[in-house]
Amino acid sequence: MRRLPPLTALEAFVQVARTGSVKAAAEELALSAPALSRRIQALERFLGYNLFERKHQQLELNQNGHALIKEIAPALDALEHTFRAVREDP
């Protein structure tokens, strides 16, 4: 069975993609910017390709990133919704 990447790396990727900023995503996840960047890099190593175009100090989703966010963002949102519901009504 194929291993999955760490959930924290997927969460970091989605936050950067949604906010368009490593700094904003890091604040949202209560991480330092370097820690968040390491999570993104770990995900890219796992996949074997880049998800962002790096321009100076800015990240922009590339074609691979757009394809991945389209597939995993709804799944992560569903997981978040499920855990919120379970905590509220065990």
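Look above for the structure.
Below is a short write-up of the structure. Treat the numbers as computed from the prediction; the structure is a model and nothing was measured.

### Considerations on the nonpolar core
Piece 1. Among the nonpolar cores identified, the biggest contains 22 residues, and Phe13, Val16, Leu36, Ile40, Leu43 and Phe52 are the most heavily contacted of them.
Piece 2. Listed by contribution, the elements that provide at least two residues to this core are α1 (7-19), α2 (22-29), α3 (33-47), β2 (58-61) and α4 (63-88).
Piece 3. The element best represented in this core is α1, accounting for 6 residues.

### Examining the side chain of Asn62
Piece 1. Turning to its location among the elements, Asn62 is positioned in the loop between β2 and α4.
Piece 2. The buried category is assigned to Asn62, whose relative accessible area is 10%.
Piece 3. Apart from the residues lying within four places of it in its own chain, the contact partners of Asn62 are Asn50, Leu51, Phe52 and Glu53.

### A few points about the layout of surface pockets
Piece 1. A volume near 360 Å³ is recorded for the largest pocket.
Piece 2. Lining the largest pocket are 14 residues, and of these Glu11, Leu76, Asp77, Leu79 and Glu80 sit closest to its centre.
Piece 3. At the level of secondary structure, the elements contributing two or more residues to the lining of the largest pocket comprise α1, α2 and α4.
Piece 4. Its residues placed into classes, the lining of the largest pocket shows 6 nonpolar, 1 polar and 7 charged.

### Let's talk about the pattern of salt bridges
Piece 1. Taken as a whole, this structure holds 4 salt bridges when the rule is applied.
Piece 2. In this structure, Arg18 and Asp77 form a salt bridge, with 2.7 Å as the shortest nitrogen-oxygen distance. Here the residue Arg18 occupies a position in helix α1, and Asp77 occupies one in helix α4, the gap between them amounting to 59 residues.

### Describing α1
Piece 1. A rise of 1.5 Å per residue sets the reference length of α1, with its 13 residues, at 18 Å; its end C-alpha atoms lie 18 Å apart and thus fit the reference within 8%.
Piece 2. What α1 keeps buried is the set Ala9, Leu10, Ala12, Phe13, Val14, Gln15 and Val16.
Piece 3. Buried residues along α1 sit in contact with α2, α3, β1 (52-55), β2 and α4.
Piece 4. Phi turns positive, to about 75°, at Gly20, one or two residues after α1.

Thresholds, definitions, all that
- Residues numbered from 1 in each chain as written.
- Predicted model: local features only at pLDDT ≥ 70, side-chain atom pairs only at ≥ 80, totals over all residues.
- Heavy atoms only, no water.
- Core = buried A, V, L, I, M, F, W, Y, C linked by side-chain atoms within 4.5 Å.
- Buried < 20%, exposed > 50% of the residue type's maximum accessible area, 1.4 Å probe, protein only.
- Helix = DSSP H or I, 4+ residues; strand = E, 2+ residues; numbered from the N terminus.
- Contact = heavy atoms within 4.5 Å.
- 1 Å grid on protein atoms, 1.4 Å probe; cavity = no way out; pocket = protein on both sides within 12 Å on 5 of 7 lines; lining within 4 Å.
- Points joined across faces, edges and corners; volume = space filled by probe spheres on them.
- Nonpolar A, V, L, I, M, F, W, Y, C, P; charged D, E, K, R; others polar.
- Salt bridge = Lys/Arg side-chain N within 4 Å of Asp/Glu carboxyl O.
- Expected span 1.5 Å × (residues − 1).

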